[in-house]
Amino acid sequence: MYMADERRACILRMLAEEGKVRSRLLVKEFGVTDETIRTDLEQLGQAGLLRRVRGGAVYLPPGGHEADAARPDCQLAALAASHIPHGAVVYADDSLYLPALATALAQRECCVVTSLPGHLAQLGSATLPERVYCLGGRLDAASGLAVPETWPAGVPQPQVAVLTPQGVTAGTVSYNCEAAARLAGLATGEAPTVLLLVPSAVLGVKAEHAVPCTPACLITEDAVPPELAHLPTDLIPRLTPEQLRAESEFDY
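Residues numbered from 1 in each chain as written. Predicted model: local features only at pLDDT ≥ 70, side-chain atom pairs only at ≥ 80, totals over all residues. Heavy atoms only, no water.

In this section: the overall build of the chain. Summing up its helical and strand segments, the chain has seven helices and 15 strands in all. Rg of the C-alpha trace for the chain: 18 Å, near the compact-globule value of 18 Å for 252 residues, within the 12% margin. The C-alpha extent of the chain, read off along each of the three principal axes, is 55 × 40 × 35 Å. Taken across its 252 residues, the chain has 51% of its residues classed as buried. Partitioning the contacts of the chain with sequence separation of at least 6, the portion at a separation of at least 24 is 57%. As presented, the chain carries roughly 11,600 Å² of accessible surface, and 50% of it is formed by carbon and sulfur atoms. (Helix = DSSP H or I, 4+ residues; strand = E, 2+ residues; numbered from the N terminus. Rg over C-alpha atoms; globule rule 2.2 N^0.38 Å. Buried < 20%, exposed > 50% of the residue type's maximum accessible area, 1.4 Å probe, protein only. Contact = heavy atoms within 4.5 Å. Areas by Shrake-Rupley, 256 points an atom, 1.4 Å probe, with all protein chains shown as cover.)

Here we take up the sheet that holds strand β13 (residues 209-212). Strand order in this open sheet of three strands is β10-β11-β13, and the pairing throughout is antiparallel. Of all the strands in the sheet, the pair left with one neighbour each is β10 (167-169) and β13. The mean angle between the axes of side-by-side strands here comes to 25°, regardless of whether they run parallel or antiparallel. Note that strand β11 (residues 172-175) and β13 share four bridges and pair antiparallel. Following the sheet pairing, Thr172 is matched in β13 by Pro212. Lying over the sheet, helix α6 (residues 178-190) contacts β11 and β13, oriented at roughly 5° with respect to β13. (Pairing = 2+ DSSP bridges. Axes fitted to C-alpha atoms, helices over the stretch in contact; angles between N-to-C directions.)

Attention now goes to the environment of Pro85. Mapping Pro85 onto the fold places it in the loop between α4 (72-82) and β4 (89-92). As for Pro85 and Arg245, which are separated by 160 residues in sequence, their C-alpha atoms are 41 Å apart. Not counting residues up to four positions away in its chain, the partners in contact with Pro85 are Arg108, Cys110 and Val160.

Here we come to the sheet that holds strand β12 (residues 193-197). Sheet architecture is open: seven strands sit in the order β6-β5-β4-β9-β12-β14-β15, paired in parallel fashion. The outermost strands of the open sheet, each flanked by one partner alone, are β6 (131-134) and β15 (233-236). Direction aside, neighbouring strands of the sheet carry axes that sit 20° apart on average. Relative to strand β14 (residues 217-221), β12 runs parallel, the two being bridged by three bridges. By the bridge assignment for β14, Leu197 is matched with Ile219.

Another aspect to go through is the packing of aromatic side chains. Overall, the coordinates contain one aromatic pair when judged by the stated rule. A centroid spacing of 6.4 Å and a plane angle of 70° characterise the contact between Tyr91 and Trp151, whose relative ring orientation is edge-to-face. Taken together, the positions of Tyr91 in strand β4 and Trp151 in the loop between β8 (145-147) and β9 (160-163) put the pair 60 residues apart, joining distant regions of the chain. This pair shows no difference in class: Tyr91 is buried, exactly as Trp151 is. (Phe/Tyr/Trp six-rings, centres within 6.5 Å; stacked < 30°, edge-to-face > 60°.)

As a further point, take the pairing of strand β2 (residues 50-53). Across four bridges, the pairing between β2 and strand β3 (residues 56-59) is antiparallel. Within the sheet, the bridge partner assigned to Leu50 lies in β3 and is Tyr59. The antiparallel pairing of β2 with β3 creates a hairpin that spans two residues between the two strands, and Gly55 there sits at a positive phi of about 85°.

The next point concerns the environment of Thr33. By secondary structure assignment, the location of Thr33 is in the loop between α2 (23-30) and α3 (34-46). Considered as a pair, Thr33 and Ala78 are 45 residues apart in the sequence and their alpha carbons are 33 Å apart.

See the structure below:
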């Protein structure tokens, strides 16, 4: 038997990965009724954890709510932050995990460096780090990322790089976007410590553009494949729609 809050945590993880969910697909994924999913989204929306839209919901960045502790993106970000020294300069990939990470780092008074601060613009001033730098450089039209040739003068050198790639294999990380891969290569060349903050769905996956990488720690969910078992890890529990659907009883 599983509880409704486990299903809702799974929905929040899907939002953090995809940016949006559709109600009819959630009904199919979890094997529950339309009314059950509607109730899930309504309650998560009332808690400030997502924004309801016609036919589903979209991702909302952390808002400093007590309920944020239930969000998988915030849980992973908190684990990553625990590996980062107080006041450190941190490069972070521009991804949907960036707002949760920036919120966690603000409490540690870290400086955040990223390619474009678009996701950070959604955060309120109370949760935004005091110092945020944008790398700048040539705009890559396909991705919207600004990519410099070298680390820009005037931007603090990172002590830690937090990467959120679309693929992680032994010795490499990989991205769907060439510009994101070049930024990751630039950051890992500057930062002595590299952390991977990723959902377990990308472990063992090879995306198109690869970058050599040996992380200090893999921050993920508890489904690490054998070929990555040698890496130091920090984990949160993982639930999938398949696991929940396989249960014989349901708590709606």
